[in-house]
Amino acid sequence: QVQLVESGGGLVQAGGSLRLSCAASGRTFSNYGMGWFRQAPGKEREFVAVISWNGSTKYYADSVKGRFTISRVDTINTVYLQMNSLKPEDTAVYYCAAALYAISRDGTRVSHWGQGTQVTVSS
């Protein structure tokens, strides 16, 4: 099965930038849609961004659109989330996710989850 390992989280000041990485291992990474979700304390997990298996389709949550960019480099089995203009409300544990071909925004098709990486944005 696919295993996902996130990295790149940490503490950043408001207005700053951070890049999260998700390294995948296992069967045929190129056939999987990839995405990012996040969960803040006391809140439900929410959709952040997804990219289809062939990179042709991307979707972003309204709260991050224009600030975050999802991308993938299949040759190294890695998906990135570039986060710019960070706000304190972006503070959460960020989870990488994978599903065959595409991930739905509600996460119901996700078959693999990463362990999560903490992002904290200070004001």
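This report concerns the structure included in the present document. Computed from a predicted structure; not experimentally measured.

Pairs of aromatic rings are described using the distance from one ring centre to the other and the angle between the two planes. Applying the stated criterion across every chain, the model contains three aromatic pairs. Centroid distance Phe37 to Phe47: 6.1 Å. Interplanar angle 75°. Geometry classified as edge-to-face. Residue Phe37 is found in strand E4 (residues 32-39), and its partner Phe47 is found in strand E5 (residues 46-51); the two are separated by ten residues along the sequence. Judged by centre distance (6.3 Å) and plane angle (75°), the rings of Trp53 and Tyr101 are edge-to-face. Residue Trp53 is found in the loop between E5 and strand E6 (58-60), and its partner Tyr101 is found in the loop between strand E9 (92-100) and strand E10 (112-113); the two are separated by 48 residues along the sequence. Relative accessible area serves as the criterion here: at 45%, Tyr101 is assigned to the partly exposed category.

Here the focus is the side chain of Glu6. Position of Glu6 among the secondary structure elements: in strand E1 (residues 3-7). Within the buried core, Glu6 has no salt-bridge partner, and the shortest N-O distance to an opposite charge, that of Arg45, equals 10 Å. Among the polar contacts listed, one links the side chain of Glu6 to the backbone nitrogen of Gln115, at a separation of 2.9 Å. Not counting chain neighbours up to four residues away, the residues in contact with Glu6 comprise Ser21, Cys22, Trp36, Tyr94, Tyr95, Cys96, Gly114, Gln115, Gly116 and Thr117.

Turning our attention to the pairing of strand E3 (residues 18-25). The side chains of a regular strand alternate, first on one face of the sheet and then on the other. The pairing of E1 with E3 spans five bridges and is classified as antiparallel. Within E3, the position partnered with Ser7 by the bridge is Ser21.

Attention shifts here to the state of the cysteines. Counted under the stated rule, the structure contains one disulfide. Here Cys22 connects covalently by a disulfide to Cys96, the sulfurs 2.1 Å from one another. Since a negative S-S torsion denotes a left-handed disulfide, the Cys22-Cys96 link at about -85° is left-handed. Taken together, the residues Cys22 in strand E3 and Cys96 in strand E9 connect sequence positions 74 residues apart.

Looking now at unusual backbone geometry. It is generally the case that most residues other than glycine have a negative phi and that most peptide bonds are trans. Look at Ser85: it is not a glycine, yet its phi comes out positive at around 50°. Take Ser85: its relative accessible area is 41%, and that puts it in the partly exposed class.

Strand pairing in a sheet is mediated by backbone hydrogen bonds. Such pairs are either parallel or antiparallel. Overall, antiparallel pairing links the four strands, which are arranged E1-E3-E8-E7 in an open sheet. Strand pairing shows two members of the sheet lacking a second neighbour, E1 and strand E7 (68-73), which therefore form its edges. Averaged over all neighbouring strand pairs, the angle between strand axes comes to 15°, with direction disregarded. Summarising the sheet, E7 and strand E8 (residues 78-83) pair through six bridges and their orientation is antiparallel. Opposite Val73, over in E8, you have Thr78 as the bridge partner.

Residue position: Thr117 is located in strand E11 (residues 117-122). Here Thr117 falls in the buried class, since its relative accessible area comes to 11%. Of the polar contacts made by the side chain of Thr117, one reaches the backbone nitrogen of Gly9; its length is 3.3 Å. Residue contacts for Thr117: discarding those within four places in its chain leaves Glu6, Ser7, Gly8, Gly9, Leu20, Ala92, Val93 and Tyr94.

Basis of the calculations
- Residues numbered from 1 in each chain as written.
- Predicted model: local features only at pLDDT ≥ 70, side-chain atom pairs only at ≥ 80, totals over all residues.
- Heavy atoms only, no water.
- Phe/Tyr/Trp six-rings, centres within 6.5 Å; stacked < 30°, edge-to-face > 60°.
- Helix = DSSP H or I, 4+ residues; strand = E, 2+ residues; numbered from the N terminus.
- Buried < 20%, exposed > 50% of the residue type's maximum accessible area, 1.4 Å probe, protein only.
- Lys, Arg positive; Asp, Glu negative; His and termini not counted.
- Salt bridge = Lys/Arg side-chain N within 4 Å of Asp/Glu carboxyl O.
- Polar contact = N/O pair within 3.5 Å; in protein donor to acceptor, adjacent residues only side chain to side chain.
- Contact = heavy atoms within 4.5 Å.
- Pairing = 2+ DSSP bridges.
- Disulfide = S-S within 2.5 Å.
- Axes fitted to C-alpha atoms, helices over the stretch in contact; angles between N-to-C directions.

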